[in-house]
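A closer look at the structure
What follows is the residue order along each chain.
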Amino acid sequence: MNRADATTKIGAEVSSMFDSISARYDLTNDVLSLGVHRLWRIATVRALNPRPGEIVLDLAAGTGFSSGALAKTGARIIGADFSEGMLNIAREKYRGVPNLSFEWADATELSFADDFFDAATISFGLRNVNNVGKALAEMYRVVKPGGRIVVCEFSQPHRLIERPYAFYNRSVAPYIAWILNNNGDAYDYLADSISIWPAQEQLAQVLQEAGFERVKYRNLAGGIVALHRGFVPPKNSGASKK
């Protein structure tokens, strides 16, 4: 079975689905987005702004595209994902990069210590977690007080492009995926998961409810994608970690 259920998002099913498309995942992303996804990931790096010497968590690292870009900043990057198929490709692609490593991880039950990271990010992965609240709580737990997170995720596009974008996701993208990856089911899941995902303001509220402060978002590509950034309260804040 290569298609997971976008409503239940059972971890084993979703990770198996990503395993099945890992071999041509990067190529498929390039074609489906016309290469624009690379600009989205660059924008994510800039929003997170890692600095040399910092330790940064890249959740839902996949084949490591974002992790590799983050590593160029000089920070120590740990890429984490629950798909071994994706991680195997990432490890091979970035073998020999001294400040970059990859680990298997469940976003809702991270094995890292409290306050271990200076910053954390998740690109196009929060939508695939079956318990968003737990995943955000884990990011909050492992990032130091005063640290920041960035969430890059599909979102609600401007009304002028909403219908053509929905048509593309429902009818065009799965067909292209069948040609490139012999698996359109995974991209049917993509359309389903986007359609039920919270819009920009709603996700900002979810981040605030998780405890993050100074939450703001920025639209990319007319709102097809949104970058949300928030900060873990510093120790001297009334909302600091307990």
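So, a few notes on the structure that sits alongside this text. Just so it is clear, the structure is predicted and the values come from calculations on it, not from any experiment. (Residues numbered from 1 in each chain as written. Predicted model: local features only at pLDDT ≥ 70, side-chain atom pairs only at ≥ 80, totals over all residues. Heavy atoms only, no water.)

1. Structural notes on the nonpolar core
Residues F154, Y187 and V225 are the most contacted members of the largest nonpolar core, which totals 43 residues. Dropping the residues within four chain positions of it, V225 is found in contact with W40, F124, C152, E153, F154, S155, R218, N219 and L220. (Core = buried A, V, L, I, M, F, W, Y, C linked by side-chain atoms within 4.5 Å. Buried < 20%, exposed > 50% of the residue type's maximum accessible area, 1.4 Å probe, protein only. Contact = heavy atoms within 4.5 Å.)

2. Some details on the environment of Y187
Checked against the element boundaries, Y187 lands in helix α8 (residues 185–195). Note on Y187: relative accessible area 5%, which makes it buried. Along the chain, Y187 and W104 lie 83 residues apart, while their C-alpha atoms are 23 Å from each other. (Helix = DSSP H or I, 4+ residues; strand = E, 2+ residues; numbered from the N terminus.)

3. Quick look at α8
In terms of residue burial, α8 counts as a mostly covered element, since 8 of its 11 residues are buried. When we look at burial in α8, the residues that qualify are A186, Y187, Y189, L190, A191, D192, S193 and I194. The elements touched by buried residues of α8 are α1 (11–21), α2 (25–32), β5 (143–154) and α7 (159–181).

4. So, the sheet that holds strand β3 (residues 100–104)
Pairing is mixed in the open sheet, where 7 strands are placed in the order β3-β2-β1-β4-β5-β7-β6. Of all the strands in the sheet, the pair left with one neighbour each is β3 and β6 (213–220). The average angle at which neighbouring strand axes cross in this sheet is 15°, direction not considered. Direction of pairing for β6 relative to strand β7 (residues 225–231): antiparallel, over a ladder of 6 bridges. From the neighbouring strand, R218 faces β7, where its bridge partner is L227. On the sheet, helix α6 (residues 132–142) packs against β1 (55–59), β4 (117–123) and β5 and is oriented at approximately 145° with respect to β5. (Pairing = 2+ DSSP bridges. Axes fitted to C-alpha atoms, helices over the stretch in contact; angles between N-to-C directions.)

5. Points about the packing of aromatic side chains
According to the stated counting rule, one finds 9 aromatic pairs in the structure shown. Among the aromatic residues, those joined into a cluster by ring pairs are W40, F124 and F154. Sitting over the ring of F231, R214 keeps its end group 3.9 Å from the ring centre. (Phe/Tyr/Trp six-rings, centres within 6.5 Å; stacked < 30°, edge-to-face > 60°. Lys NZ or Arg CZ within 6 Å of the ring centre and 35° of its normal.)

6. A word on the pairing of β4
Of all 7 residues in β4, 7 are buried, a share of seventy percent or more. The pairing of β4 with β5 spans 6 bridges and is parallel. Along β5, the bridge assignment pairs A120 with I149. Each parallel crossover has a hand, and the one from β4 via α6 to β5 is right-handed. (Right-handed = clockwise from strand over helix to strand, strands pointing away.)

7. Quick look at the pattern of salt bridges
Here the structure, examined in full by the defined rule, presents 11 salt bridges. For the salt bridge of R91 with E84, the shortest nitrogen-to-oxygen distance reads 3.5 Å. For R91, a relative accessible area of 33% translates into the label partly exposed. Here E84 falls in the partly exposed class, since its relative accessible area comes to 34%. Residues E153 and R127 are paired through a salt bridge, measuring 2.3 Å at the closest nitrogen-oxygen approach. Taken as a pair, E153 in strand β5 and R127 in the loop between β4 and α6 lie far apart in primary sequence, 26 residues in all. For R127, a relative accessible area of 3% puts it in the buried group. (Salt bridge = Lys/Arg side-chain N within 4 Å of Asp/Glu carboxyl O.)

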